[in-house]
Amino acid sequence: MKLILKFLHLFSLTVWFGGVVFLSFFIAPIMFRTFPRDQAGDVMAAIFPWFYMMGYIAGFTAFFTLILLYKKRAWFRSFLILVMLLATLYGGLAAGKKADHLRQEIRHEQDSSRLKVLRDNFHIQHRLSMISNMVVLILIPVVLLLTARNLSES
């Protein structure tokens, strides 16, 4: 049972990290280089719910398998995973949803002054969503390093 928990823990961290890396450094840049901005935004908006769902599942799995494996001995790694999970939840359920709603409003807005406000708000939400992904991108290697160190000691 312990081996299965360790596998699930490592698998969830690597899937989570791989998903963030692939979306951030491959999918998004390719989409925006290849397609018109609106079309690329539509495709990305269709991908994001699945992307964030992957992060939620991977984050919860990583957190709970770590708790089951190490209880209180892994409090720092648990804290880091919790921070990443909260960042993912914020990116998907708050900033990402607001950005998508604003993107839709921008398309239908005729008033130029209101359009500027909507675009400014969109850029703020988009930036917050990107920051939440950067938190995960930076902290997962730290957690993986700490996990690797722990595996070599046990």
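Presented here is a report on the structure given in the accompanying data block. (Residues numbered from 1 in each chain as written. Predicted model: local features only at pLDDT ≥ 70, side-chain atom pairs only at ≥ 80, totals over all residues. Heavy atoms only, no water.)

1. Observations regarding the overall build of the protein chain
1) Next: When you go through the protein chain residue by residue, the secondary structure sums to four helices and zero strands.
2) Next: Element order for the protein chain, N to C, with α for helix and β for strand: α-α-α-α.
3) Next: With the principal axes as the frame, the protein chain shows a C-alpha extent of 65 × 30 × 20 Å.
4) Next: Partitioning the intrachain contacts of the protein chain with sequence separation of at least 6 by distance along the chain shows that 75% fall at a separation of at least 24.
5) Next: Accessible surface computed for the protein chain: about 9500 Å², of which carbon and sulfur atoms make up 72%.
6) Next: Seen as two clouds, the 17 positive and the 8 negative side-chain charges of the protein chain have centres 17 Å apart. (Helix = DSSP H or I, 4+ residues; strand = E, 2+ residues; numbered from the N terminus. Contact = heavy atoms within 4.5 Å. Areas by Shrake-Rupley, 256 points an atom, 1.4 Å probe, with all protein chains shown as cover. Lys, Arg positive; Asp, Glu negative; His and termini not counted. Charge placed at Lys NZ, Arg CZ, Asp CG, Glu CD.)

2. What to know about the layout of surface pockets
1) Next: In this structure, the largest pocket occupies an estimated 1100 Å³ of space.
2) Next: As for the largest pocket, its lining consists of 32 residues, and the residues nearest its centre are F32, M44, F48, F122 and H126.
3) Next: Elements represented by at least two residues in the lining of the largest pocket include exactly α1 (2–34), α2 (37–70), α3 (75–108) and α4 (112–153).
4) Next: Here the lining of the largest pocket is composed, by residue class, of 17 nonpolar, eight polar and seven charged. (1 Å grid on protein atoms, 1.4 Å probe; cavity = no way out; pocket = protein on both sides within 12 Å on 5 of 7 lines; lining within 4 Å. Points joined across faces, edges and corners; volume = space filled by probe spheres on them. Nonpolar A, V, L, I, M, F, W, Y, C, P; charged D, E, K, R; others polar.)

3. Quick notes on the packing of aromatic side chains
When we look at a pair of aromatic rings, we describe it by the centre distance and by the angle of the planes.
1) Next: Scanning the model with the defined rule gives nine aromatic pairs in all.
2) Next: Consider the rings of F51 and Y52, whose centres lie 5.0 Å apart with planes at 70 degrees: the pair is edge-to-face. The exposure classification of F51 matches that of Y52, with both residues buried.
3) Next: With 5.8 Å between their ring centres and 75 degrees between their planes, W75 and F76 make a pair best called edge-to-face.
4) Next: The rings of F48, F51, Y52 and Y56 are connected pair by pair, giving a single aromatic cluster.
5) Next: Positioned over the ring face of Y70 is R77, at 4.9 Å from the centre of the ring. (Phe/Tyr/Trp six-rings, centres within 6.5 Å; stacked < 30°, edge-to-face > 60°. Buried < 20%, exposed > 50% of the residue type's maximum accessible area, 1.4 Å probe, protein only. Lys NZ or Arg CZ within 6 Å of the ring centre and 35° of its normal.)

4. With respect to α3
1) Next: The terminal C-alpha atoms of α3, which comprises 34 residues, lie 48 Å apart, in line with the 50 Å expected from a rise of 1.5 Å per residue.
2) Next: Its axis deflected by about 40 degrees at G91, α3 carries its strongest bend there. (Expected span 1.5 Å × (residues − 1). Bend = angle between axes of the 7 residues up to and from the residue.)

5. Re the packing of α1 against α2
1) Next: Across the interface, α1 lies against α2 with an axial gap of 8 Å and an inter-helix angle of 160 degrees. As summarised for this structure, α1 and α2 are arranged roughly antiparallel, according to the angle between their axes. Between α1 and α2 lies a crossing whose hand is left-handed.
2) Next: Considered class by class, the residues forming the contact of α1 with α2 number 24 nonpolar, eight polar and three charged. (Axes fitted to C-alpha atoms, helices over the stretch in contact; angles between N-to-C directions. Parallel < 35°, antiparallel > 145°, perpendicular 65-115°, else oblique. Left-handed = near helix turned anticlockwise from the far one by under 90°.)

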